Amino acid sequence: MYGGGYIFEEPNKRPLDADQQPEDPEKLAAFEDRITRGEKIEPGDWMPAAYRKQLIRLIEQHAHSEIIGALPEGTWITRAPGFKRKLALIAKVQDEIGHGQLLYNAAETLGKSREAMINDLLSGKSKYSNVFNYPAETWADVAVIGFLIDAAAIVNQVANAKGSYGPYCRALERICYEESFHLKQGHDAFIELAIGTPAQKAMLQDALNRWWPPIMHFFGPPDKSSSHSEQLMRWKVKMASNDDMRNQFLEAYVPKIWELGLTLPDPALMKNEITGRWEYTDPDWDEFFRVINGEGPCNAERLQVRKWAEEQGRWVRKALMQPITEKRAFPVA
Ligand code: COA
């Protein structure tokens, strides 16, 4: 039913429920050798069913995050301060939807249809990023999202773009180009508020305080309790662990925040110069699990908007799928 993305890849033909059957040891060893050599796995290649299942889960969650992620910023399009900020925000939100399109297309190559993915999102079966379940209360929230959440996403995506599954890596490469631009516009809006009037700076500080715990959650639970990392890293789907990505983010962006005279709501946050790693107070992981399991402040609202959009767009999809002869609104003379 859904129109394709910008790139079209052939789907993998293996039945989806094959992950329950034991793998052929020779094929598995040859597959793992290819991964070790750094080769890309393509949709028509043999792959273990668990690799395919994990990729579908991860890419699908990523695609959902892009289309849901457009919602908190989207609500600010009509209220953006000034014409240039409005134009940039419209373009950014449009890009995020395009990223969803690229990613759904990459996930479809693994054999799950777009409709099945959207149904799983709307029924609450599939997850999407925790950060998009919080409200964007002020314009400063938009600056924090554009700067720090896009920065966090880039840390994750630049790493995973070097991974093993061809269609996902190609989609990520393109996404990273656009995300780098988003980050620049977010940083610019962030700096403008940070060096603005006392009221603007206070508004930014308030947004930063509220967004910091979800941003710390963004990279996933600590390595010791991450259920998928070991297998995903062995198969080079995930190219850095959750804690390593979090550390990389802190290393690159905390100094930029402090430089602007802002504070972060964690008195323990500091770089340990001996280990070279950042130390911090663990964010509330119970809250993280509540949010990703549907009980965040905006989960219900986000899914309600998506359901409405699905219903409103049904006639467009139906029209696009009709044979060309039935599509004509007027008889041809
Ligand atoms: N938001 C929502 N759920 C998250 C999450 C987050 N920020 N981080 C982890 N989770 C979920 C995982 O999906 C998993 O749940 P599941 O088993 O029901 O699917 C559970 O928490 C345990 O986490 P972990 O084993 O560490 O998951 P993971 O190996 O998939 O790593 C990511 C988590 C986010 C690093 C990984 O999924 C990823 O790189 N995703 C692609 C990028 C992406 O989605 N970015 C978000 C939008 S820009």
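Since we're looking at a predicted model, the values are computed, not measured.

**Observations regarding the packing of helix H2 (residues 49-74) against helix H3 (residues 83-108)**
The geometry of H2 relative to H3 is characterised by a closest axis approach of 8 Å and an angle of 165 degrees between their N-to-C directions. Overall, the two elements H2 and H3 adopt an arrangement that is roughly antiparallel. By crossing handedness, the relation of H2 to H3 is classed as left-handed. Together, Ile59, Glu60, His62, Ala63, His64, Glu66, Ile67, Ala70, Glu73 and Gly74 of H2 and Leu89, Lys92, Val93, Glu96, Ile97, His99, Gly100, Leu103, Tyr104, Ala106 and Ala107 of H3 make up the contact between the two elements. A breakdown of the residues in the contact of H2 with H3 according to their chemical character gives 11 nonpolar, 5 polar and 5 charged.

**Some remarks on the site of the ligand**
Taken together, 29 residues sit near the ligand, with Lys127, Ser226, His228, Lys238 and Asn242 positioned nearest. Between a nitrogen atom of the ligand and a main-chain N or O atom of phenylalanine 218, the distance comes to 2.9 Å. Here serine 227 contributes a backbone N or O atom positioned 2.9 Å from an oxygen atom of the ligand. Of all the secondary structure elements, the ones that give two or more residues to the shell around the ligand are H2, helix H5 (139-160), helix H7 (198-218), helix H8 (229-234), helix H9 (242-259) and helix H10 (285-295). Here the residues of the shell around the ligand sort into 11 nonpolar, 15 polar and 3 charged.

**Section: H2**
An α-helical turn contains 3.6 residues, so any two residues separated by three or four positions project in the same direction. The terminal C-alpha atoms of H2, which comprises 26 residues, lie 37 Å apart, in line with the 38 Å expected from a rise of 1.5 Å per residue. Counting buried positions along H2 yields 21 of 26 residues, so the element is predominantly enclosed.

**Notes on unusual backbone geometry**
At lysine 236, a position not held by glycine, the phi torsion is positive, near 50 degrees. On the secondary structure map, lysine 236 appears in the loop between H8 and H9. Accessibility expressed as a relative area gives 26% for lysine 236, which makes it partly exposed.

**Here we look at a nonpolar patch on the surface**
A cluster of nonpolar side chains, contributed by Trp315, Val316, Leu320 and Met321, occupies part of the molecular surface with about 460 Å² of accessible area. One can find leucine 320 in helix H11 (residues 299-321).

**Describing the nonpolar core**
Within the largest apolar cluster, 83 residues are counted, with the highest numbers of intra-cluster contacts made by Tyr51, Leu148, Phe190 and Phe249. Those elements giving two or more residues to this core turn out to be helix H1 (25-36), H2, H3, helix H4 (114-122), H5, helix H6 (166-194), H7 and H9.

**As for the state of the cysteines**
A complete count under the given rule lists 0 disulfides for this structure. With no disulfide partner, cysteine 176 has as its closest neighbouring cysteine sulfur the one in cysteine 169, 10 Å distant.

**What about the pattern of salt bridges?**
Per the counting criterion, the structure on display carries 23 salt bridges. Notably, a salt bridge pairs glutamate 60 with lysine 112, separated by 3.1 Å at the nearest N-O pair. With glutamate 60 in helix H2 and lysine 112 in the loop between H3 and H4, this pair connects stretches of sequence that are 52 residues apart. Here glutamate 60 and lysine 112 have matching classes, each one buried. Aspartate 188 is the partner of arginine 85 in a salt bridge, and the nearest nitrogen-oxygen pair spans 2.9 Å. Of this pair, arginine 85 sits in helix H3 while aspartate 188 sits in helix H6; the two residues are 103 residues apart in sequence, bridging distant segments of the chain. In this structure arginine 85 comes out as buried when scored by relative accessible area, which is 15%. A residue is classified by how much of its surface remains accessible, and aspartate 188, at 44% relative accessible area, is partly exposed.

Procedures and definitions
- The numbers attached to residues start from 1 for each chain and follow its sequence in the written order.
- In keeping with the predicted nature of the model, local features appear solely for residues at pLDDT of at least 70, side-chain atom pairs appear and are counted solely at 80 or more, and the whole-chain, interface and lining totals rest on all residues.
- In computing side-chain values, all of the structure's heavy atoms are included and hydrogens and water are not.
- Axis lines are fitted to C-alpha atoms, over the contacting stretch for helices. Their N-to-C directions set the angle, which ranges from 0 to 180 degrees.
- Only DSSP runs of H or I reaching four residues or more are called helices, and only runs of E reaching two or more are called strands; each is numbered from the N terminus.
- Roughly parallel means an angle under 35 degrees; roughly antiparallel, over 145; roughly perpendicular, 65 to 115; everything else is oblique.
- The crossing is said to be left-handed when, going from far helix to near helix, the turn is anticlockwise and less than a right angle, and right-handed when the turn is clockwise.
- Here, residues are in contact when the closest pair of their heavy atoms is within 4.5 Å.
- Gly is put with the polar residues, along with every residue not named as nonpolar or charged; the nonpolar set is Ala, Val, Leu, Ile, Met, Phe, Trp, Tyr, Cys and Pro, and the charged set is Asp, Glu, Lys and Arg.
- Summary of the distance rule: residues count as near a molecule or strand when at least one heavy atom falls within 4 Å of that molecule or strand.
- Polar contacts here mean pairs of N or O atoms no more than 3.5 Å apart (in protein, one a potential hydrogen donor and the other a potential acceptor; neighbouring residues in sequence count only if both atoms are side-chain atoms).
- A helix's residues, less one, multiplied by 1.5 Å, set its expected span.
- Relative accessibility thresholds used throughout: buried, under 20% of the residue-type maximum; exposed, over 50%; partly exposed, between the two (1.4 Å probe, protein chains only).
- Like-charged residues are merged into a patch within 9 Å and nonpolar side chains (Val, Leu, Ile, Met, Phe, Trp, Tyr) within 5 Å, provided each residue has over 30% relative accessible area and no salt bridge.
- We get accessible surface area from the Shrake-Rupley algorithm with a probe of 1.4 Å; when it comes to residues, only the shown protein chains can shield them.
- Note on definitions: salt bridges are taken to be side-chain nitrogens of Lys or Arg within 4 Å of carboxyl oxygens of Asp or Glu.
- Among buried residues, the Ala, Val, Leu, Ile, Met, Phe, Trp, Tyr and Cys ones that are joined through side-chain atoms within 4.5 Å form a nonpolar core.
- A pair of sulfur atoms, both from cysteines and within 2.5 Å, is called a disulfide here.

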